[in-house]
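Each chain is listed here by its residues.
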Amino acid sequence: MDVAMALERLPKVELHCHVEGTMRPGTVVELARKNGLALPTSDPTELYAYSSLDTFLEVFWLVQSVLSDRDDWARLAYESVVDGAAHGLVYRETFFTPARHLDAGQDLGEIIAGLGEGLAAGEAETGARVALIADIDRAYGPGPGLEMVRRLVELRRGGSPGLERVLGIGLDSTELGVDPAAFAEAFALAGRERLRRTSHQGEDTPPTTIAAGLDVLGCERIDHGLSILDDKELTARVADARIPLTVCPNSNIRIANKVERLELHPFPQMREAGLLVTLNTDDPALTELDLGYEYRSAAEAFGYGWVDMVQIAVDGVEASWLDEPEKGALRTRILEGAQHLAPDEG
Ligand code: ADE
Ligand code: ZN
């Protein structure tokens, strides 16, 4: 088997993927029709056009807007697992960002129940496992963010269906002109309730926002963290503490427009600095990416061999929010798969 095929099949973990960003263009069109929503174009291939994080977010919001009821969330979740597993996904912690749906009157419990149904169906079919992270949308401001966490806490206490999948909260959407400190109360509540915490920081902004994610929001993981190497002290601190960064190299080229081509992405320098970095797609359907491509392109651009790539997959286990016995089982699954697949690298 060649390296490309082996990397496609290698059992992989993904910790930075937005479930809405996995929506197939055909599903966007079908759900829009079902829910009576007009799209700017009826050609699914023309829907996903953008040139920066903020113009990308407009497409992301449009995609989100077609999710009207529990069945829509279930369909999205199901397809996300099937599409991920087709490229070697075995475990994912996936974001959902329900701000605009809650604003429009949908119930968080129904959204999570729908996601849970779809994920369960996808898991049964593929053998992959998926957990959830409820993201606050920065663009909606701190009030709705806090409200979402309060409702999440209430649903968890009531044992609502699907809630056992929600491991923690995150923070996404635009970073420009938004002070992470505005979300401190929502994150403090999540911390008191033993929900795990992560946030998108440093995708489009300097390392001060990464430090704020850790020190002000209490995050135990940072999504992207692309600018971290600009601050040597922070880099050393995050490396020493094994605080994971969920890095999305191809997304940083296609969405944030922060890196011109993959060879110029700092992923290898981040690893060399001792940072626990994981490899992820972010919004695969909206960017024409998949996890197999993410691994293949990284191996080629950064000159990594099979052993490096298996280590990157295993690093995803360490960075996950699974408990220790589950981490052990997942690590074994990856290493056994890797042994079976090991390519002839010549
Ligand atoms: N929501 C979906 N993808 C995102 C990204 N790359 N950055 C911030 N928010 C997002
Ligand atoms: Zn993201």
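Above this text sits the structure in question.
Computed from a predicted structure; not experimentally measured.

Engineer: Looking at this structure, how should I read the coordination of the zinc ion (ligand 2)?
Structural biologist: Tetrahedral coordination by four donors sets the ideal angle at the metal to 109.5 degrees; octahedral coordination by six donors sets it to 90 or 180 degrees. Those donors, His16 (NE2), His18 (NE2), His200 (NE2) and Asp282 (OD), are the protein atoms that reach the zinc ion (ligand 2), and they lie 2.1 to 2.2 Å from it. What the four donor atoms of the zinc ion (ligand 2) show is an angle range of 83 to 173° at the metal, which sorts the shape as irregular. Read in sequence order, the donor residues coordinating the zinc ion (ligand 2) give the pattern H-x1-H-x181-H-x81-D. Taken individually, His16 and His18 each receive the classification buried, so the pair is uniform in this respect.

Engineer: Before we go on, may I ask you to explain unusual backbone geometry in this structure?
Structural biologist: Peptide bonds are trans in most cases, and residues, glycine excluded, mostly fall at negative phi. Residue Asn257 is not a glycine yet carries a positive backbone phi of 60°. Note on placement: Asn257 falls in the loop between α11 (249–254) and α12 (267–272). If you check the backbone angles, Glu288 has positive phi at about 55° while not being a glycine. Along the chain, the position of Glu288 falls in the loop between α13 (284–287) and α14 (291–302).

Engineer: Help me understand the packing of helix α7 (residues 142–157) against helix α8 (residues 184–192), please; the structure alone is not making it clear to me.
Structural biologist: Geometry of a packed helix pair, given as the angle between the helix axes and the separation of the axes. Running from N to C, α7 and α8 point in directions that differ by 15°, and their axes come no closer than 8 Å. Classified by the angle between their axes, α7 and α8 sit roughly parallel to one another. Of the two possible hands of crossing, α7 and α8 adopt the one that is left-handed. Judged by residue contacts, Gly145, Leu146, Val149, Arg150 and Val153 of α7 engage Glu185, Ala186, Leu189 and Ala190 from α8.

Cut-offs applied
Residues numbered from 1 in each chain as written. Chains lettered and ligands numbered in written order. Predicted model: local features only at pLDDT ≥ 70, side-chain atom pairs only at ≥ 80, totals over all residues. Heavy atoms only, no water. Donors = N, O, S within 2.8 Å, 3.2 Å for Na, K, Ca; no water. Tetrahedral: all angles 85-135°; square planar, octahedral: opposite > 155°, others 65-115°. Buried < 20%, exposed > 50% of the residue type's maximum accessible area, 1.4 Å probe, protein only. Helix = DSSP H or I, 4+ residues; strand = E, 2+ residues; numbered from the N terminus. Axes fitted to C-alpha atoms, helices over the stretch in contact; angles between N-to-C directions. Parallel < 35°, antiparallel > 145°, perpendicular 65-115°, else oblique. Left-handed = near helix turned anticlockwise from the far one by under 90°. Contact = heavy atoms within 4.5 Å.

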